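# Coordinates in review
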Amino acid sequence: MSRIITVAVSSVALVAFGAASQLSADDKDRLIGTWKLVSGISEDLATRQKTNIYKSTPVGFVTFGADERVMTIVVDSIRKKPIGSVATATEAEALFRSMVAYGGTYTVKANQVILHADVSWNETWTGTDQIRDYKFDGERLILATSPSPDAFTGKMSVRTLVWEKIK
């Protein structure tokens, strides 16, 4: 009798593992393509206050390739062009602080997409894994950081970006 139970439990576990693997493969296929940024919210963990990550409407794109490469760029729409043909130090800093850009590879594991940054706008990200919890809501992709220091403020927070698939 115990052998029958062991076989039954093992069979259920294998079916569940297969279903989880299929879900991950389906989600990976769903990720492939280019997504346009809809919104970005940061929740300060100390105060629970939610604020827009960007000062105005953000402009951004993330592309997940079938080759497991990812490229992302996000800028604040209120960026100002430098006055001259070369940005001053102040202008360059303002441009740097109003963007995020990185590229590398990605893997999908359970409810997370792991972004392996080979290059980034902020050298502290280069060579790191940026882990994002993800979920789909219709044609939207929601990516959220784990609790971590915000790259701009240093405060412990969770940043959530909502993306819409470009067709």
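The following paragraphs examine the structure supplied in this document.

Scoring rules and cut-offs
Residues numbered from 1 in each chain as written. Predicted model: local features only at pLDDT ≥ 70, side-chain atom pairs only at ≥ 80, totals over all residues. Heavy atoms only, no water. Helix = DSSP H or I, 4+ residues; strand = E, 2+ residues; numbered from the N terminus. Buried < 20%, exposed > 50% of the residue type's maximum accessible area, 1.4 Å probe, protein only. Salt bridge = Lys/Arg side-chain N within 4 Å of Asp/Glu carboxyl O. Polar contact = N/O pair within 3.5 Å; in protein donor to acceptor, adjacent residues only side chain to side chain. Patch = residues over 30% accessible without salt bridge, like charges linked within 9 Å, V, L, I, M, F, W, Y side chains within 5 Å. Areas by Shrake-Rupley, 256 points an atom, 1.4 Å probe, with all protein chains shown as cover.

### Quick look at the side chain of Asp76
Within the secondary structure, Asp76 is located in strand β4 (residues 69-76). Residue Asp76 is classed as buried on the basis of its relative accessible area, which comes to 5%.

### A look at unusual backbone geometry
For Arg48, which is not glycine, the phi dihedral falls at a positive 65°. Positionally, Arg48 belongs in the loop between β1 (33-44) and β2 (50-52). For Arg48, a relative accessible area of 53% gives the class exposed. Residue Glu68 is not a glycine yet carries a positive backbone phi of 65°. Among the secondary structure elements, Glu68 is positioned in the loop between β3 (58-64) and β4.

### Structural notes on the pattern of salt bridges
One pass over the full model with this rule turns up 6 salt bridges. With a shortest N-O distance of 3.2 Å, Asp118 and Arg69 are connected by a salt bridge. In this pair, Asp118 sits in strand β6 (residues 112-120) while Arg69 sits in strand β4, placing the two residues 49 residues apart along the sequence. The class of Asp118 is partly exposed, set by a relative accessible area of 44%. A relative accessible area of 37% places Arg69 in the partly exposed class.

### Here's the deal with the side chain of Ser120
Relative to the helices and strands, Ser120 is located in strand β6. The class of Ser120 is buried, set by a relative accessible area of 12%. A distance of 2.5 Å separates a polar atom in the side chain of Ser120 from the backbone oxygen of Asn122. In this structure the side chain of Ser120 is engaged in a polar contact, spanning 2.9 Å, whose partner is the side chain of Thr126.

### Overview of a nonpolar patch on the surface
A cluster of nonpolar residues, Val59, Phe61, Ile73 and Ile166, forms a patch on the protein surface that exposes about 300 Å² of accessible area. In this fold, Ile166 is placed in the segment after β10 (156-165). Residue class for Ile166 comes out partly exposed when judged on its relative accessible area of 41%.

Any functional reading would require information beyond the geometric quantities listed.
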